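# Chains, contacts and geometry: an overview
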Amino acid sequence: MTAVREVDVLVVGAGPAGLAAAARLAAAGAGRVEVLDREQRAGGVPRHCAHGGFGTWSRPLTGPAYARLLAAGAERAGAVVRTGVTALDWAGPRALHTVGPHGPGTIAARAVVLATGARERPRAARLVPGTRPAGVYTTGELQQAVHLYGQHVGARAVVVGAEDVSYAAADTVRTAGAQVVALVTDLPRAQTAPARALDSRLRHGVPLLTDTTVAELLGHGRLSGVRVRHRDGRTAVLPCDTVVFTGDFVPDHELARRGGLTLDAGTRGPAVDGSLRTSRPGVFAAGSVLHAVESAATAAREGAHVASAVLDTLAGTWWPDGVPLVVDPPLRWIAPNRVVPADSLPYVLRTTAFLSGAVAEVTQDGRPLHRERIGAAVPNRTLRLTARWTSRVDPEGGPVRVGLTGR
Amino acid sequence: MTVTSHGPLPATTYDVTVVGAGVVGSAVARELSRHPGLRVALVEAQDDVGQGTSKANTAILHTGFDAVPGSLEARLVREGARLLAAYAAESGIPVEPVGALLVAWDEDQHAALPGLLEKAEHNQYPDARLLGPAELYAREPALGPGALGALHVPGESIICPWTTTLAYATQAVRAGVDLHLDCRVGAARHEQGVHHLTTSRGTLRTRLLVNAAGLHADTLDRALGHDDFTVTPRRGQLLVFDKPARSLVRHILLPVPTALGKGVLVAPTVYGNVLLGPTAEDLDDKRDTGSTAEGLALLREQGGRILPALLEEEVTAVYAGLRAATEQDDYRITAHPEEGYVTVGGIRSTGLTASLAIASYVTGLLPGLGPTRELEPVRMPNLGETFPRPYQRPELIAADPEYGTLVCHCERVSRGEIRDALAATIPPAGLDGLRRRTRARAGRCQGFFCGAAVRALWEEARS
């Protein structure tokens, strides 16, 4: 057995959420704050997003620059960031077994923050039939291959998906010197800013195949093409040597699940209230493990937000239960997904259907709590709901429901 | 030690050549390497050992309880199971003796169970017994509703098929066998006691020849002027579920074969996953290892009945293998002594279990092999979950921190293991081969996190 090392707060995952939480906690005098990351460098997904859109309006940054800034900020505040260390499993309610080049370890903490992030579902999980050739990527792998390792990708790529990350993947394909053959989405239109979709189609000449799925991968050894099928039954083969499966993010929730934390049926991440408290006292979660995925800025905001709840817990504040927060179709999920009356963190949601003039309605046991105009609802894009209604929630009542109506 | 994958073949005349480096061919080559005087070649059309049926099967170490009593297969499976269990323990091949349950879902299947029990006894397997529904559900609480009973076969185990083939081939190469990869055999002729094989890498000459070409065994047989059997590729599609599914199932759940055909199985894997499959589709094309929407839908439908909660878990791999079906329900191992030729055909899904017994049987059919010796034991890297993996071994990490540096996080594969595999006696020819040797990229993310890093290690080793 290895000796148990004690810290005040243990953060698992040095992405935007974990680093922001650690920086805020260390600066606020939470004691010994330690961040673990299994990768060799801190920063999480922004490490390999070599495009802009990070940082603030007044100080725009690329992903890698943003990752460096967050890591430096956490360390400057006094947090210890340990990379190359994997949290393997729980050693107690707030203790984790770890391993790294220095061997095994056990770390016990007064509070744990899970910030383990999310991943894209790969081809196998999507049950795409066909052969198993080389040249099949997710965006995560593609971006690391191109931006971190300078690896060669193929010459002609089909991108599966038409949301923001899909267009980012198409940019990465072009950066690598390859041609984007087409974007393919099973939805009737693109799920990105109209200007971005237009730019892809007109300036880069990339067709967008809507209402279309990838029905089969072809080729032995190397991918030779993908067979696509339109909703009306027509099929066609797109010759290509590379295919990138984008989007369809799921939380990397292994540690939460191993710990027996309650998971939300919609997000499949740990269920949390507006203070990002999980079902286990002293264990919090923040970032994309809660909602796969939101922007790095949202994750970092949550990291900063969770810090104050962690400080309250360290000071001995009671751990409330909260009531479940559930969604009705066409909504897919909401996060946070438990609610206590004091909650103030805005909510993020996802829809499965395109709606314009959408209105969200919040009820509890049939009692209306709140109505809010959402505007345009687009699948795979963030919808936001304020927390102005949480004080009206009956903590002894049934689940709070959120519905969405529109045209 | 000689492993080649390009360039001309040696000009010498080999004493024995084995065509096909699957689990059977590799086992035969290993058995031949026990004869120190022999020059032996193992030739393989693809770029790695175990690339055909041997890599895409259900990974079960059978007892042979349900073989046709009195058949060659029944005998070799029975012997082979015992030999392979001992070999696996010595070589570090992961095996888990989880036992099997043949679950009856309707009256026809339930009525077939006593006959299967009797068959097991005929096959000298005395440990099988019938279970009622109460005991069945006590053993498998996550089983779907409606099961009527089961036959429990406690001796059935799960095994790592890739490590098995690789262990045989590694031991053979270390004992002096020449392994020639990317060497496809086309025409063949026998002249003055010597076989001349025309291959994609030139002519190979050999005195004795063993045909272990699996799916292509009939083609090679015909090239040598025989017409004993035809191999029909029978495709089996399989789904692999992520590790949280492992707690749903404790035994191998086998279908009960009836006149209406054979269903699919649900089985744990030694890597801590759950396998669902296979389909059984007779095809014409021996390269058609693609999965189909219909096949996957069928598997999910049947799997959902056997273990409903399974379908909630993530799928980490979809694959399809081709089994070598022949017209006959037994192995086709035939010696042609006048030609110095043995054909090892029709080795069905039990071939992995029987491999060591097949090897011993086949070498017994070859004349004049000379004295034998004990082979240097081989110790394979552990890919299984029942014994400590390198990241779980503090003493190993203390001696070499590379074993504590994880690269593939889903499967917890260290940089040390990847380095070792790349420098092994039979190194992988590509990332798929590396995956089979280490499990790197075999997990739920399929490379989202580690794919580029693993590729970088691979490219570095190659340059």
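In the block above lies the structure referred to throughout.
Residues numbered from 1 in each chain as written. Chains lettered and ligands numbered in written order. Predicted model: local features only at pLDDT ≥ 70, side-chain atom pairs only at ≥ 80, totals over all residues. Heavy atoms only, no water.

## Observations regarding the sheet that holds strand 21 (residues 331-335) of chain A
Residues and elements named next belong to chain A. Read across the sheet, three strands follow the order 21-23-26 without closing on themselves; strand pairing throughout is antiparallel. Two strands close off the open sheet at either side, each with one partner strand: strand 21 and strand 26 (383-385). Looking at each pair of strands side by side, their axes are set apart by 25 degrees on average, direction ignored. Here four bridges tie strand 21 to strand 23 (residues 347-351), and the two strands are oriented antiparallel to one another. Bridged to I334 within strand 23 is L349. (Pairing = 2+ DSSP bridges. Helix = DSSP H or I, 4+ residues; strand = E, 2+ residues; numbered from the N terminus. Axes fitted to C-alpha atoms, helices over the stretch in contact; angles between N-to-C directions.)

## Details of the nonpolar core
Judged by nonpolar contacts, the single largest core of 60 residues is most densely connected at V9, L114 and V310 of chain A. Leave out the neighbours within four places in its chain, and V310 of chain A touches V9, L25, A111, V113 and F284 of chain A. Membership of the second largest hydrophobic core comes to 51 residues, among which are L42, A172, V177 and L356 of chain B. (Core = buried A, V, L, I, M, F, W, Y, C linked by side-chain atoms within 4.5 Å. Buried < 20%, exposed > 50% of the residue type's maximum accessible area, 1.4 Å probe, protein only. Contact = heavy atoms within 4.5 Å.)

## A closer look at the pattern of salt bridges
Here the structure, examined in full by the defined rule, presents 56 salt bridges over all chains. When the shortest N-O distance is used, the salt bridge between R39 of chain B and D178 of chain B registers 3.1 Å. Residue R39 of chain B is found in the loop between helix 1 (23-32) and strand 3 (40-43), and its partner D178 of chain B is found in strand 10 (residues 178-180); the two are separated by 139 residues along the sequence. Residue D329 of chain B pairs with R348 of chain B through a salt bridge whose shortest N-O separation is 3.5 Å. With D329 of chain B in the loop between strand 19 (315-325) and strand 20 (332-336) and R348 of chain B in the loop between strand 21 (341-345) and helix 8 (351-364), this residue pair connects regions lying 19 residues apart in the sequence. Take D329 of chain B: its relative accessible area is 53%, and that puts it in the exposed class. Residue class for R348 of chain B comes out partly exposed when judged on its relative accessible area of 30%. When salt bridges with common partners are traced through the structure, they connect D89, E254 and R258 of chain A together with D242, R412 and R444 of chain B into a single cluster. (Salt bridge = Lys/Arg side-chain N within 4 Å of Asp/Glu carboxyl O.)

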